[in-house]
Amino acid sequence: VQLQASGGGFVQAGGSLRLSCQASGRTVRNYSMAWFREAPGQEREFVARIFRAGGSIAYADSVKGRFTISRDSAENTLYLQMNSLQPDDTAVYYCAASATVILSASRSAQSYANWGQGTQVTVSS
């Protein structure tokens, strides 16, 4: 599956953005999909994921209650709605997909074989 992320930008603290991840080649319904982010000088960290079987959703504690992950099978697209953005949310955001990841490993970047190119999110204070 090929992934194309978009929707990043520059926003003031408290603002909102919606990221999109368009998939091609395979249907997203058969994949577990996730968002990760990477800030300068830091490791790539888990943000949110939706599991392929049953659509179980999980969030990092730092974004819980502010971010919402969703999947539109008809459009073959993964979304991340980000509200109440803070400067600490500034990072390059990546979407990822895996057909084989197990639930217990689904927060680990190493579990995902397919990645989008990343989209920059910058939040000013």
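Preceding block: the structure.
Owing to the predicted nature of the structure, the values given are computational and were not obtained by experimental measurement.

Asks: I would appreciate a short explanation of the overall build of the protein chain in the present structure.
Replies: Tallying secondary structure elements over the protein chain gives 0 helices and 11 strands in all. Reading the secondary structure of the protein chain in the N-to-C direction produces β-β-β-β-β-β-β-β-β-β-β. Its C-alpha atoms give the protein chain a radius of gyration of 13 Å, within 12% of the compact-globule value 14 Å for 125 residues. Along the longest, intermediate and shortest principal axes, the C-alpha atoms of the protein chain span 40 × 30 × 25 Å. Every one of the 125 residues in the protein chain was classed for burial, and the buried ones make up 46%. Counted over contacts in the protein chain with a minimum sequence separation of 6, partners at least 24 positions apart contribute 60%. If you sum the accessible surface of the protein chain, you get close to 6,100 Å²; carbon and sulfur atoms cover 46% of it. Treating the 11 positive side-chain charges of the protein chain as one cloud and the 8 negative ones as another, the clouds have centres 9 Å apart.

Asks: So what exactly am I meant to see when it comes to the state of the cysteines here?
Replies: Per the stated rule, a full pass over the model turns up 1 disulfide. Across the disulfide, Cys21 is cross-linked to Cys95 (sulfur-sulfur distance 2.1 Å). The S-S bond linking Cys21 to Cys95 shows a torsion near 65°; that makes this disulfide right-handed. With Cys21 in strand β3 (residues 17-24) and Cys95 in strand β9 (residues 91-98), the pair connects residues that are 74 residues apart, well separated along the chain. Across this residue pair, the class does not change: Cys21 and Cys95 are buried.

Asks: Teacher, can you tell me more about the environment of Pro87 here?
Replies: Along the polypeptide, Pro87 turns up in the loop between β8 (77-82) and β9. With a relative accessible area of 34%, Pro87 lands in the partly exposed category. Taking the C-alpha atoms as reference points, Pro87 and Ala13, 74 residues apart in sequence, are found 6.4 Å from one another. With residues near it in sequence (within four places) discarded, Pro87 still touches Ala13, Val123, Ser124 and Ser125.

Asks: Please clarify how unusual backbone geometry should be interpreted in this entry.
Replies: With the exception of glycine, most residues fall at negative phi, and the peptide bonds are largely trans. With a phi angle near 55°, Asn76 is a residue other than glycine that sits in the positive phi range. Mapping Asn76 onto the fold places it in the loop between β7 (67-72) and β8. Despite not being glycine, Ser84 has its phi angle at roughly 50°, a positive value. The residue Ser84 is located in the loop between β8 and β9 in this model. Residue class for Ser84 comes out partly exposed when judged on its relative accessible area of 36%.

Rules and cut-offs
Residues numbered from 1 in each chain as written. Predicted model: local features only at pLDDT ≥ 70, side-chain atom pairs only at ≥ 80, totals over all residues. Heavy atoms only, no water. Helix = DSSP H or I, 4+ residues; strand = E, 2+ residues; numbered from the N terminus. Rg over C-alpha atoms; globule rule 2.2 N^0.38 Å. Buried < 20%, exposed > 50% of the residue type's maximum accessible area, 1.4 Å probe, protein only. Contact = heavy atoms within 4.5 Å. Areas by Shrake-Rupley, 256 points an atom, 1.4 Å probe, with all protein chains shown as cover. Lys, Arg positive; Asp, Glu negative; His and termini not counted. Charge placed at Lys NZ, Arg CZ, Asp CG, Glu CD. Disulfide = S-S within 2.5 Å.

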